[in-house]
Amino acid sequence: MSNLEQTLSIVKPDAVERNLTEDIKKIFINNDLKIVNSKKIHISKEEAADFYKVHQAKPFYDELCTYLSSGPIFVMILEGEGAIALNRKLMGATNPKDAEPNTIRKLYGISIDKNSVHGSDSAENAKIEIDLFFKN
Ligand code: IDP
Ligand code: MG
C-alpha cells in the first residue's frame, strides 16, 4: 500500500550560515525524499512566533522565535513514502547529544536550540506548515 506524503523541512540559521544546505539536501535525496519546492528566506520574529505558536507556553519560546528569525533559513517541501516519519528519522533527536549516529542533528547540530533542522511532526502539522510557507 502506498503512503505518499509531503512534509516541511527547514534548514535553520545555524546550518545555513555554515553552508550546510547542500549537504542536508543530499541526505534527503539519498534517502528517497524528493524536494518538490524550496526557497531561501529570512522571516520576521512575528512570522517565527506564528510558525512556532504550538510552543508559546514553553519557557524557551521567545528565544526560539528570536533564533529562527536571526538569519536566512532554507525551507523545503519533501515528498516520498512515509515522508513525515522518514524526515524525523533522518533529523535525529531534538537534542543533538541524544541523536543517533549519522542523523542530521548528530552530524551538524550544535546544541538543543541550534539543532540545524526542523521537520513537521504529524500529517496535520505538515499541511499547516507547508501552507504557511508555500501558499502565497
Ligand atoms: P523538534 O524540533 O525535534 O520537533 P520540539 O520539541 O518541537 O522539537 O521543539 C522545537 C524546537 O525548540 C527544537 O527544535 C529546539 O530548537 C527548540 N527547543 C526544544 N526544547 C528546547 C529546550 O529545552 N531549550 C531550548 N530550545 C529548545
Ligand atoms: Mg517539533
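These numbers come from a predicted model, not from an experiment.

### Details of the site of ligand 1
The full set of residues close to ligand 1 is Lys 12, His 55, Phe 60, Leu 64, Arg 88, Thr 94, Arg 105, Ile 112, Asp 113 and Asn 115. The contact in question runs from an oxygen atom of ligand 1 to an N or O atom on the side chain of Arg 88, over 2.8 Å. Between Asn 115 and ligand 1, the recorded distance is 2.9 Å, taken from a side-chain N or O atom to an oxygen atom.

### Section: the packing of aromatic side chains
Considering all chains together, one arrives at two aromatic pairs under this definition. Seen from the ring of Phe 134, Lys 39 lies directly overhead, with NZ or CZ sitting 4.9 Å from the centre.

### Some thoughts on the sheet that holds strand S1 (residues 4–11)
Strands sit in the order S2-S3-S1-S4 across an open sheet of four strands; the sheet is antiparallel. The open sheet has two edge strands, strand S2 (34–41) and strand S4 (117–119), and neither has a second partner. Going across the sheet, the axis of each strand differs from the next one's by a mean of 20°, ignoring polarity. In this sheet, strand S3 (residues 73–81) lies alongside S2 in antiparallel orientation, the contact comprising seven bridges. By the bridge assignment, Ile 35 is partnered in S3 with Leu 78. Here helix H2 (residues 21–30) sits on the sheet in contact with S1, S2, S3 and S4, set at roughly 10° to S3.

### Here's the deal with the environment of Pro 72
Within the secondary structure, Pro 72 sits in the loop between helix H4 (61–68) and S3. Remark: the alpha-carbon pair of Pro 72 and Ile 41, spanning 31 residues in sequence, is separated by 5.4 Å. Each residue touching Pro 72, except ones within four places of it in the same chain, is listed here: Pro 13, Val 16, Lys 40, Ile 41 and His 42.

Conventions and cut-offs
- Residues numbered from 1 in each chain as written.
- Chains lettered and ligands numbered in written order.
- Predicted model: local features only at pLDDT ≥ 70, side-chain atom pairs only at ≥ 80, totals over all residues.
- Heavy atoms only, no water.
- Near = heavy atom within 4 Å.
- Polar contact = N/O pair within 3.5 Å; in protein donor to acceptor, adjacent residues only side chain to side chain.
- Phe/Tyr/Trp six-rings, centres within 6.5 Å; stacked < 30°, edge-to-face > 60°.
- Lys NZ or Arg CZ within 6 Å of the ring centre and 35° of its normal.
- Pairing = 2+ DSSP bridges.
- Helix = DSSP H or I, 4+ residues; strand = E, 2+ residues; numbered from the N terminus.
- Axes fitted to C-alpha atoms, helices over the stretch in contact; angles between N-to-C directions.
- Contact = heavy atoms within 4.5 Å.

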